[in-house]
Amino acid sequence: MVAKLTDTERDAALQDLPGWRLAEDRDAIAKTFKFADFNAAFGFMARIALIAEKADHHPEWFNVYNRVDVVLTTHDAGGLSKQDVAMAMAMDSLASEIS
């Protein structure tokens, strides 16, 4: 089972994840990605879906046109875990390639 991050680990992780913030209503992190258009946003989601499937760790997300709102948490751990931090880093890396 994946371990939930401690408060110290969570704070340290957020310092290394620009633009990510703690979710208001639970132990999770959130970020809004904006792209040039729907095609770029959907392409981002498709590529992340492949990464998520391979890692067996899936984001919660919502897409409208060029915007993708993401929430990451590990349900099995009952909150934020290292898997979420790794997924956030992968998303940031891919978004910077697309933008």
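Just so we're clear, the structure is a prediction, and the values are computed from it rather than from any experiment.

A. Quick peek at the packing of helix 2 (residues 38–55) against helix 3 (residues 82–98). Viewed as axis vectors pointing N to C, helix 2 and helix 3 meet at an angle of 145°, and their least axial separation amounts to 10 Å. Considering the relative orientation of helix 2 and helix 3, their crossing is right-handed. Taking contact as the criterion, the partners of Ala40, Phe44, Arg47, Ile48, Ile51, Ala52 and Ala55 in helix 2 are, on helix 3, Gln83, Met87, Ala90, Met91, Leu94, Ala95, Glu97 and Ile98.

B. Structural detail: the sheet that holds strand 1 (residues 21–22). Taken in spatial order, the four strands of this open sheet run 1-2-4-3, and their pairing is antiparallel. Looking along the sheet, the strands with just one partner apiece sit at the ends: strand 1 and strand 3 (60–64). Summarising the sheet, strand 2 (residues 29–34) and strand 4 (residues 67–72) pair through six bridges and their orientation is antiparallel. Counted as the bridge partner of Lys31 is Val70 from strand 4. Sitting on the sheet, helix 3 touches strand 2, strand 3 and strand 4, and the angle it makes with strand 2 is about 10°.

C. The arrangement of helix 3 in detail. Compared with the 24 Å implied by 1.5 Å per residue over 17 residues, the 25 Å span of helix 3 between its first and last C-alpha is a close match. Close packing links the buried residues of helix 3 with helix 1 (7–15), strand 2, helix 2, strand 3 and strand 4. Regarding helix 3, its N-cap is Ser81, as a side-chain oxygen of that residue lies 3.1 Å from the backbone nitrogen of Gln83 further along.

D. A look at the environment of Thr74. Structurally, Thr74 is set in the loop between strand 4 and helix 3. Spatially, the C-alpha atoms of Thr74 and His57 are 7.8 Å apart, while their sequence positions differ by 17 residues. Contacts of Thr74, omitting those with residues within four sequence positions, involve Val2, His57, Gly79, Ser81, Gln83 and Asp84. Engagement of the side chain of Thr74 in a polar contact is seen with the side chain of Ser81, the distance being 2.5 Å.

Analysis parameters
- Residues numbered from 1 in each chain as written.
- Predicted model: local features only at pLDDT ≥ 70, side-chain atom pairs only at ≥ 80, totals over all residues.
- Heavy atoms only, no water.
- Axes fitted to C-alpha atoms, helices over the stretch in contact; angles between N-to-C directions.
- Helix = DSSP H or I, 4+ residues; strand = E, 2+ residues; numbered from the N terminus.
- Left-handed = near helix turned anticlockwise from the far one by under 90°.
- Contact = heavy atoms within 4.5 Å.
- Pairing = 2+ DSSP bridges.
- Expected span 1.5 Å × (residues − 1).
- Polar contact = N/O pair within 3.5 Å; in protein donor to acceptor, adjacent residues only side chain to side chain.

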